[in-house]
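The chain contents come next:
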Amino acid sequence: MMHRLYLYLIISICFIGFVNCSADIEPDSERQTEPEQVFQFTISIKNAQAKPISPSGVYLYDPEQGRSGSPLVTFSGDDTGIITGQAKKGTPSLFRVHSAYHQIVYFFLPSYYEDTLSVTIHSEPVVLADEVTPRILGNFNHYDDFSAIEMVMDEDGTWSALIEADTDSLTYIIDGASRLGRVHGTDGQLRHSQVHTAIDPGIESVIRNDGSNRFEIIFDPARFSNREQSPEIRFGKNTPVLAAGIAKSYASMIRQADTIQVLEKQGETVTISHFDTFLEELRQVTKHYDHPTVEQATRLAKANFSEYLNPDDEWIDKLMEDIVPNSEIWLMHYPVLSDLFYHSTRMEDVSRSLWDIYRQHGHESVRGEALYNLLKFHYERGEDEEWYQAHYDLVRLYPDHKRINYSYNRGFAPQAVVHVGEYFPALEFSPLYEDEPKLIPAQNNAPLTILYFWSVNNTISREKVDLLENLYEEFAELGLTIYTIALDGNRERVQRFHEHRNLPWQGGFEQFSSSAIQVLGITEVPHTIILNNENRILVFDEEFLADEDVIESIDRYLNENL
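Residues numbered from 1 in each chain as written. Predicted model: local features only at pLDDT ≥ 70, side-chain atom pairs only at ≥ 80, totals over all residues. Heavy atoms only, no water.

Colleague: Which residues make up the overall build of the protein, and what are the values?
Modeller: Of the regular secondary structure elements, the protein holds 15 helices and 22 strands. Burial statistics for the protein: of 562 residues in total, 52% are counted as buried. For the protein, long-range pairs separated by at least 24 residues make up 70% of all intrachain contacts whose partners lie at least 6 apart in sequence. For the protein, the accessible area works out to roughly 26100 Å², and carbon and sulfur atoms hold 45% of it. (Helix = DSSP H or I, 4+ residues; strand = E, 2+ residues; numbered from the N terminus. Buried < 20%, exposed > 50% of the residue type's maximum accessible area, 1.4 Å probe, protein only. Contact = heavy atoms within 4.5 Å. Areas by Shrake-Rupley, 256 points an atom, 1.4 Å probe, with all protein chains shown as cover.)

Colleague: Give me the lowdown on the side chain of D187, citing residues and values where you can.
Modeller: Counting through the fold element by element, D187 comes out in the loop between β13 (181-183) and β14 (189-192). Among buried charged residues, D187 stands out as having no salt bridge; its nearest opposite-charge side chain is R223, 8.2 Å away. Side chain to side chain, D187 and Y172 meet in a polar contact 2.5 Å long. A distance of 3.0 Å separates the side chain of D187 from the backbone nitrogen of I218, its partner in a polar contact. (Lys, Arg positive; Asp, Glu negative; His and termini not counted. Salt bridge = Lys/Arg side-chain N within 4 Å of Asp/Glu carboxyl O. Polar contact = N/O pair within 3.5 Å; in protein donor to acceptor, adjacent residues only side chain to side chain.)

Colleague: I'd love a proper account of the pattern of salt bridges, names of residues and values included.
Modeller: Taken as a whole and judged by the stated rule, the model has 23 salt bridges. Across the pair R462 and D145 runs a salt bridge, and its minimum N-O distance is 3.1 Å. Of this pair, R462 sits in helix α12 (residues 459-475) while D145 sits in the loop between β8 (135-138) and β9 (149-150); the two residues are 317 residues apart in sequence, bridging distant segments of the chain. Considered together, R462 and D145 belong to a single accessibility category, that of buried residues. Here R536 ties to E534 by a salt bridge, and the two come within 3.6 Å at their closest N and O atoms. What makes E534 partly exposed here is its relative accessible area of 46%. A cluster of three or more residues bridged by salt bridges with shared partners is formed by R135, D144, D145, D175, R182, R462, R493 and R496.

Colleague: Provide a residue-level description of the environment of V97, including the pertinent values.
Modeller: One can find V97 in strand β5 (residues 93-99). Classification of V97 as buried rests on a relative accessible area of 1%. With 41 residues separating them in the primary sequence, V97 and S56 have C-alpha atoms 7.5 Å apart. The residues contacting V97, other than those within four sequence positions of it, are I43, I45, G57, V58, Q103, I104, V105, F107 and I121.

Colleague: Quick rundown of a negative patch on the surface? Include the residues and the values.
Modeller: Where like charges cluster on the molecular surface, the negative patch consists of D154, E155, D156 and E216. Take D154: it is sitting in the loop between β10 (152-153) and β11 (159-164). (Patch = residues over 30% accessible without salt bridge, like charges linked within 9 Å, V, L, I, M, F, W, Y side chains within 5 Å. Charge placed at Lys NZ, Arg CZ, Asp CG, Glu CD.)

Colleague: I'd like a rundown of the pairing of strand β19 (residues 480-487), residues and numbers included.
Modeller: Burial of β19 is extensive: 7 of the 8 residues sit out of reach of the surface. For strand β18 (residues 448-454) and β19, the ladder comprises 7 bridges, and the chain directions are parallel. If you follow I450 over to β19, its bridge partner there is I482. One crossover worth recording links β18 to the parallel β19 by way of α12, and it is right-handed. Pairing geometry for β19 and strand β20 (residues 507-510), over 4 bridges, is parallel. Pairing of I485 across the sheet is with G508, part of β20. Tracing the backbone out of β19, into helix α13 (residues 491-501) and back to the parallel element β20 gives a crossover that is right-handed. (Pairing = 2+ DSSP bridges. Right-handed = clockwise from strand over helix to strand, strands pointing away.)

Colleague: Before we move on, can you summarise the pairing of strand β12 (residues 169-178) with the specific residues and values?
Modeller: In terms of burial, β12 is largely enclosed, as 9 of its 10 residues are buried. One ladder, built from 4 bridges, connects β8 with β12; its direction is antiparallel. Along β12, the bridge assignment pairs G138 with Y172. The pairing of β12 with strand β15 (residues 203-208) spans 4 bridges and is antiparallel. What sits directly across from S169, in β15, is R208. Alignment of β12 against β13, held across 2 bridges, turns out to be antiparallel. Bridge assignment links I174 to a residue of β13, and that residue is V183.

Shown next, in the form of structure tokens:
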């Protein structure tokens, strides 16, 4: 039976594709849909003084992909700060609202069947970081933050940078100034950004060429707010209670997640007091939008922060029991299923709930998350037949699901083949450049080989390249070999990174869904594999390069084994 399942899994991985149900919606375009199938929305963007903000714009996202995905469609506002557009009825949507000098506002709208939607948003002003260190990203450097231009502080407190570029106009954004990422500049003409090569599109600044191919950019921190202010979202009086309540719950949840991210980046300890505003916002939602599903949505929003709020087991069990398996509110943040699973003590009940979600839910990401947790459930109970079947279904039905690799990596998968002490398999990785040979680590006879899997879009994994450069400089003469293999992202952007840093080793480029990465079970970056001179695996640990003793460990190994 084991051999048959293994064969089925290999066939499934090789031949079954993943269908993107959103393929009929083109980026940066108006939706061409029959009038009776869409609703018209109007979103008015204002500041705290109720004055319209321009420029402004709205992006619609697929909730399954979340806010890190690519926008399905964009809409621009006019000078009045009013954005109009249309969206499909009966389909949940994730709205992302941009406005000049203000933070991004998100809200999740469940399936909507009314003809119109009216929303007024009083946006939260951008708050700069405590220590402003602005850098320029723009069309002159493909918006690559690793090749950003540093700005210099002038005597009047403004920051400036001089850029030479052969272009009619320079479009740019400022990196390293805002607490939550990037902002536009304070000179030039502001405009709402459509789809471009920046990771985080939104508002850009534009400066015209004065004929000298020299652009002076000035950034004035005084133009930004120095105090925090919660955004306010008001729905029209005809908006169904269910839609408005869930939308506000999601908006509060995302804002709180960003707040926690900032605190952790600053090295602060997150305490229950940091949730006072968030919890009060959710209390107001349940007070003004009296609906059982809205109440569930607020509880689900809180469940995303269970590591800080410490809900008791009964609270978790009740939430799993109350939310129906096919409820759209699971789309608010479907990885919370794993958090609920970990906190529950009524595992039999949770198992039945997960099976129901897997069988009844219409969205593949949610079903895959439920199925992954079922796989863990049966693995931990030693129920081999159910374990094999759950993993087989996960690979067969969702070959690109991010949890597949995690199951290999943690040993939950029946056919995991890569372990410390074993020979590294003869896997081939695609080269970063077409004229370079494939990377085949098993054919390498170096005394020590580091395989580093990373993403150019992942700041943490990108920063570890500095450590790799130090290792290479110190130990290359002793035979240390390094391969960096980028996963996902844009190949040209990875090439630019290699060229900008002048990295002295060969790079590779793969997708998380490729067969070689599936076999290794790599689901997260950074991930490090270290091989000895016989190509046996010494380290198979994604956290290895975070070890403070890594240089000493490599030094000791090379000197003891040469």
